[in-house]
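Tertiary structure, described
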Amino acid sequence: MVQFELLRILAMCGVVMNHVFNYGLQIYDNFSIDVSTPWRAILWGILELMKLLALPSVNCYILISGYFLIDKTQFRWKGIWRIWSETWFYAVGIYLLAVALSLIQFCWNDLLENATPILSNTYWFVTSYLALILVAPLLAMLMKHVSKRQYQIVLILGGIVCFQLFLGHFLMDPQQILLFVYLFLIGGYIRRYHDDKDDNRSFPVIALGGILAIMFAYTLYKNIYVGNTQFMIYAMAYNGLVLPMSVALFMWVKQWNIRWPALRSAIYAIAPLSFAVYIIHTQPVVDSWLWKTVSGWLDSCHLFLLPFVCIIITLLIFVVCISIDYLRVRLAKWIYQLPKRY
């Protein structure tokens, strides 16, 4: 379904946007906006909305996996190998390239850390995602013969365990694996039992807008409660209000009908390359250089241009990374076909 491939692309753009805010604008350190004038207050509102809209990205990625894998009871060794090999290639390759270009000094400990990115947890999302893919067939087998009512009970119990306002505040693990399993099951439930024809098609949009309004109002309240005109940009936990917002967004995208052939072709071409965006731009060598550079750009940027510059930087990082992965894929195909030519 092309709309879910588009969601993969948008989700990865959202991940990059999150990082632009976290490490570029450094919203958790000393970034704030003086809202003593209406225009500055509007600017804060735009940036806060951009941050909130980017938050469901990781959750949506997992919902997609649950949607497509809930009935797959076979272990996907090929998919696991593809994720692992791609991660290893960029983790080690970028490190060795940086050493060869004398950008960093060689260190055996650093090489070992990059050569074992899953064990060293260099990429927390990849580690947790691979763990989910490994247990996905087991989850599919467990849910294969349950009734709709039983599935609903599982989701209610999972919500109590995972949702931040209930036990999620105390039980959520740093790797988010519990949340990933719960999102996987939600995606699977939507695949099995949700039919757009039987529901109010406007409900996901209304729910999405309502949850976003509540989140925005809460961040506004937190700033007003402090009692000064320096407003911060706030985020929320993936298992808080971001969770139902992610589900509403997913269900809305599910309704999309993309018919333009050129756009469909572009989406199908770009989507398989999007996972590399995360691996490349969070590789430790790239990460260190990238956010130091981006922070400098944003510091020197005119305040009212910040939303546009954040979007441009996000798109630039995305395009550069998928271009790099496109070259990797082409090179791999050329090497694979080389013996056949001779």
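Quick caveat: nothing in here was measured; it's all calculated off a predicted structure.

**Comments concerning helix 9 (residues 177-193)**
Here helix 9 is 17 residues long and its end C-alpha atoms lie 24 Å apart, about the 24 Å a rise of 1.5 Å per residue gives. Where helix 9 is concerned, the buried positions are L179, F180, Y182, L183, F184, L185, I186, G187, G188, Y189 and I190. Among the structural elements, helix 3 (57-69), helix 6 (124-143), helix 7 (148-162) and helix 11 (242-254) are those in contact with the buried residues of helix 9.

**Considering the packing of aromatic side chains**
Counting across every chain of the model gives 29 aromatic pairs. Aromatic side chains F4 and Y67 sit 4.7 Å apart centroid to centroid with 45° between the ring planes, which places their arrangement in the tilted category. Of this pair, F4 sits in helix 1 (residues 2-24) while Y67 sits in helix 3, and the two are 63 residues apart along the sequence. Its relative accessible area of 0% is what places F4 among the buried residues. With a relative accessible area of 4%, Y67 lands in the buried category. When the ring of Y151 is compared with that of Y193, the centres are 6.0 Å apart and the planes differ by 90°; the resulting orientation is edge-to-face. One end of the pair, Y151, is in helix 7; the other, Y193, is in helix 9, with 42 residues separating them in the sequence. With a relative accessible area of 26%, Y193 lands in the partly exposed category. Put simply, the rings of Y61, Y123, W124, F125, Y129, F180, F275 and Y278 touch in pairs and so form one group of aromatic residues.

Thresholds, definitions, all that
- Residues numbered from 1 in each chain as written.
- Predicted model: local features only at pLDDT ≥ 70, side-chain atom pairs only at ≥ 80, totals over all residues.
- Heavy atoms only, no water.
- Helix = DSSP H or I, 4+ residues; strand = E, 2+ residues; numbered from the N terminus.
- Expected span 1.5 Å × (residues − 1).
- Buried < 20%, exposed > 50% of the residue type's maximum accessible area, 1.4 Å probe, protein only.
- Contact = heavy atoms within 4.5 Å.
- Phe/Tyr/Trp six-rings, centres within 6.5 Å; stacked < 30°, edge-to-face > 60°.

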